[in-house]
Structures are given as C-alpha cells and as structure tokens.
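In case you want the letters, here they are:
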Amino acid sequence: MGPLAVAGVQAQETTANTTTTEGNATAANTTGSTNGSVSVTMQRQTVATGANVTVRSATLPEGGYVVLHGYALTLAGQREESAIAVSEYLEPGSYQNLTIPVDNGVPGVYSNQSRLNGSQNISAVAYRESNGNQRFEQFTTGNDSVYEPQQAALSTGYVLVERTQNAAIPSAALRFTDQTTNGTTVTVASTKLPDGGFVAIHDSSYLPPENDTVDSIIGVGRYVEPNESVKQVTIELYDVPGRSLNRSRLGDNSTLVAVPYRDTNGNQQYDYYQSDGLRDSAYVNRSGESPEVIVDRASIGVNGSGQGETTPQNTTNPSGGQPVEIGVVDPNQGIFGTISDLLDGPVFDFFIGVAFILFVGFIAYQVKS
C-alpha cells in the first residue's frame, strides 16, 4: 500500500467560491454515463461548521468511492494517515455536487470526527471498487485502490470553515508554574476550557526551533467539562493515548510546555496524537493581529537530579540553549591552590629556618661526640 503519487501534481481547483448548505444529505446528481476516464473536481468552498464537504464532480467508470483526505496527503503522500471521510458506494457514472459528511468514518483508519477542525485544503480522491462487495477496503485488506492515472483521480480545494474563521471560539485560560517533582507527574495550577477538552504536556521540542507539535507530547490530563474551572490538575508524564513511550519519568530538570486542546469530535478522548493533529486541535487566542496557540511553559526540577537540563556527559542543552563548556581543573584553585599558597608564604619560610637550625645542631652534636 504505497503512498499516493502527488509530488509535482497540480491540484485541480476551480476559482469559484461555493457556499455549501450543510445537512445530512449525501445524494448527488448523476448522469449514469461515462467516457471511460476517471476525473474528480474539488472546488473552493465556504461551509458553516465543517460537518460536510462537497465535491463538485466525480466520474468513476468502474464505480467506487470518493475519499476526503487532509493536508498530510499533499504534503507527504500519506494516504491512510490523512483519510478523513468516505462516500457511500457509487455506481459507475458521473456525479455532480457530491456531498460527503465528515463523520462518514473510513474503515481501517482511526477516525472519530464529526466536523473539520478548521479551514484547510481538502483533497478528494477516487478509488475503484475492485471485488464487487460495495465496501471500501483499501485500508483494511488493500482492495479498492486509487484509480489510474492518479493525477486525474485527485483534486484539492480550500474549505473555509466559517465558525473558526469568524471567531466564535472562546479563548481558554491556563496557568502552568515552575515546580519540583519526582519526574513522573507535573501539576497545572489552573485551567478553564470554554468548550471542554484536555491539557497536554509537551517537552521542549515543542518550542522553536524544532516546533514539533505531535511527537513532543509526553502527557495528557483528564477530560475537562466545558467552562469547568479546575485547579491543581496532576498530569502523569509519558502516558499518552495511542502512543508507546520507552521511559516513565524525567531524568533531568527540564522546560515543559502545557497546551489546552478542544474536544472537536465530542468523544471525551484525546485524539490529537492518534490523528496526527487532525482532531482535537489546540485552543487559539484570536485577539491579536494573528491567531496564536495558547501555551504556558514552566521550569520543572526533578528531585535528585543535577541543576539544569545538562550533565557533565552532555555538553549540549537539549532545550536549544548555548553549549555548556566543561573546563579542566585549575591548579591554582581548590585544595591545590591552598597548598600552593602555603609554600609561597611566610609560614613556609619559618619552618624552613627552624629545620635548618635543627639540622646544624644535629651535625655539631655528632662531631663533638
């Protein structure tokens, strides 16, 4: 099951901006005749909440399905990871204004999404029905592959979701303070999430220059009810739904980042990591000139660890700071410096003089004897 060949392919997108009336309809107009060539056209459109996406036209000579894919398809050719929703089985023919509900989960793909998380490029891809059972099986058994040529079977259009574009999402409150722990948990001082959701903890790779928003996640708190004011939220580290981590505690003092996330699909489970960022997006502050994800960072001290994030065996600060220089021992410092000072001082001269007198006296006594 290789990646969809999208590199260098220009998406077919019309310039018209279509306003889609959202509902539960999946019906489309079909001509019932084809010329044997596959084609898909995905238009730029404006939707109210992102519950449905409309494909302007699709021609499937052998019948099959149209699958909606997110940005990971065009960025990295990731078919399975980017799949969002699939149409019902479509008989051979040409279809106009095919509306696909986002909650039409794709078999074999972790998908529990009822609407788009926000405005984004969406790709429509045509898959053929290969074994006649009218069940989409590309990500379960490998059947029902993409039509060839793949360039004609893919089209991308920008879907603008009005709810996230024109405000309507209240901002979240979060306070994460410096603290010392045993390295297995951290405590978020307070949070309030207007739409409900979760507080996740990221390691320092979340911050620039890495800016890793997915693989930096190392802990997730419990589900927080909408508008519930919560204080002293204890979050277990290295315990993330859907992720296997090979450690259970922080080894050194670190900078960690707390981020509040929405429950975009309403299942009260944190799906951001498992969906590769497609679901349960972060709360955003839209009061400034440009939207910014709400974050709060804290310095976490670990009982029994050294100071800072570095140790004598590691001269690079993992948080992106400047290298730590470990110098050689200065012979003029510490115990060596103390001995050196005694040898150069008057006390040493006094003892040398006394020793000389005693030596001369000893020699004279031996001669006299």
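Criteria and thresholds
Residues numbered from 1 in each chain as written. Predicted model: local features only at pLDDT ≥ 70, side-chain atom pairs only at ≥ 80, totals over all residues. Heavy atoms only, no water. Helix = DSSP H or I, 4+ residues; strand = E, 2+ residues; numbered from the N terminus. Buried < 20%, exposed > 50% of the residue type's maximum accessible area, 1.4 Å probe, protein only. Contact = heavy atoms within 4.5 Å. Areas by Shrake-Rupley, 256 points an atom, 1.4 Å probe, with all protein chains shown as cover. Core = buried A, V, L, I, M, F, W, Y, C linked by side-chain atoms within 4.5 Å. Phe/Tyr/Trp six-rings, centres within 6.5 Å; stacked < 30°, edge-to-face > 60°. pLDDT = per-residue confidence, 0-100. Pairing = 2+ DSSP bridges. Axes fitted to C-alpha atoms, helices over the stretch in contact; angles between N-to-C directions. Salt bridge = Lys/Arg side-chain N within 4 Å of Asp/Glu carboxyl O.

**Considerations on the overall build of the protein**
Thought 1: Within the protein one finds 5 helices and 20 strands.
Thought 2: Within the protein, buried positions represent 44% of all 369 residues.
Thought 3: Restricting to contacts in the protein with at least 6 residues of sequence separation, those with at least 24 account for 70%.
Thought 4: In the structure as shown, the protein presents an accessible area of about 19000 Å², 50% of it carried by carbon and sulfur atoms.

**Topic: the nonpolar core**
Thought 1: Ranked by internal contacts, the top residues of the largest apolar core, which has 39 residues, are V55 and V66.
Thought 2: Elements with a minimum of two residues in this core: β5 (52–60), β6 (64–69), β7 (83–86), β8 (93–101), β9 (120–128) and β10 (154–161).
Thought 3: The greatest single-element share of this core, amounting to 5 residues, is contributed by β9.
Thought 4: Excluding residues within four positions of it along the chain, V55 makes contact with V40, T41, M42, Q43, V66, L68, Q96, N97, L98, I100 and A124.
Thought 5: Residues L174, L193, L250 and A298 belong to the second largest nonpolar core, which totals 23 residues.

**A word on the packing of aromatic side chains**
Thought 1: Overall, the coordinates contain 10 aromatic pairs when judged by the stated rule.
Thought 2: Where Y65 meets Y89, the ring centres are 5.8 Å apart and the plane angle is 65 degrees; that geometry is what we call edge-to-face. Pair noted here: Y65 is in strand β6 and Y89 is in the loop between β7 and β8, with a separation of 24 residues, a long-range link. In this pair, the class of Y65 matches that of Y89, namely buried.
Thought 3: Linked through ring pairs, Y65, Y89, Y127, F136 and F139 together constitute an aromatic cluster.

**Topic: the confidence of the model for the protein**
Thought 1: Averaged over the protein, the pLDDT score is 77; the fraction of residues at 70 or greater is 67%.
Thought 2: Contacts of residues 5–16 to residues separated by more than four positions or lying in other chains number 28 contacts, the stretch itself having pLDDT below 50.
Thought 3: Note that pLDDT drops below 50 for residues 306–340; the model gives that stretch 29 contacts with residues more than four away or on any other chain.

**Re the sheet that holds strand β16 (residues 229–236)**
Thought 1: One open sheet holds the 3 strands; their spatial order is β11-β13-β16, and the pairing between them is antiparallel. Two strands close off the open sheet at either side, each with one partner strand: β11 (173–175) and β16. Across the sheet, the axes of successive neighbouring strands diverge by a mean angle of 30 degrees, strand direction being ignored.
Thought 2: Bridging between strand β13 (residues 185–192) and β16 involves 7 bridges; their strand directions are antiparallel. If you follow V188 over to β16, its bridge partner there is V233.

**A few points about the pattern of salt bridges**
Thought 1: With the rule as written, the count across this model stands at 3 salt bridges.
Thought 2: In this structure, the salt-bridge partner of R128 is E62, at a minimum N-O distance of 3.2 Å. Here R128 is found in strand β9, whereas its partner E62 is found in the loop between β5 and β6, with 66 residues between them in sequence.
Thought 3: Judged by relative accessible area, R128 falls into the buried class, the value being 19%.

**Overview of the environment of Y206**
Thought 1: Within the secondary structure layout, Y206 lies in the loop between β14 (197–202) and β15 (217–220).
Thought 2: Of the residues examined, Y206 reaches a relative accessible area of 14% and is grouped as buried.

**So, the pairing of β10**
Thought 1: Most of β10 sits inside the fold, with 7 of its 8 residues counted as buried.
Thought 2: Sheet analysis places strand β4 (residues 44–47) next to β10, joined by 3 bridges and oriented parallel. Paired with Q45 across the bridge in β10 is V159.
Thought 3: Of the pairings in the sheet, the one linking β9 to β10 comprises 6 bridges and is antiparallel in character. Residue pairing for β10: N121 is matched across the bridge by Y158.

**Considering the environment of T177**
Thought 1: Mapped onto the secondary structure, T177 falls in the loop between β11 and β12 (179–181).
Thought 2: With a relative accessible area of 31%, T177 lands in the partly exposed category.
Thought 3: For the pair T177 and I300, spaced 123 residues apart in sequence, the C-alpha separation works out to 8.7 Å.
Thought 4: In contact with T177, not counting residues within four places along its chain, are A189 and A298.

**Points about unusual backbone geometry**
Thought 1: Looking along the chain, the bond that leaves E148 and enters P149 is cis, with omega of -5 degrees.
Thought 2: Note that P149 resides in the loop between β9 and β10.
Thought 3: Here the residue pair P208 and P209 is connected by a cis peptide bond, since its omega of 5 degrees sits within 30 degrees of zero.
Thought 4: Mapped onto the fold, P209 is located in the loop between β14 and β15.
Thought 5: A positive phi is found at N97, a non-glycine position, where the angle reads about 50 degrees.
Thought 6: Unusually for a residue other than glycine, N211 sits at a positive phi of about 55 degrees.

**Notes on the sheet that holds strand β20 (residues 296–302)**
Either a parallel or an antiparallel arrangement is found when strands of a sheet pair, and the pairing is made through backbone hydrogen bonds.
Thought 1: The strand order β12-β20-β17-β14-β15 describes an open sheet built from 5 strands, whose pairing is mixed. Only two strands of the sheet have a single partner each, and these edge strands are β12 and β15. Across the sheet, the axes of successive neighbouring strands diverge by a mean angle of 35 degrees, strand direction being ignored.
Thought 2: Across 6 bridges, β14 lies against strand β17 (residues 254–262) in antiparallel orientation. When the bridges of β17 are listed, A200 appears paired with V259.

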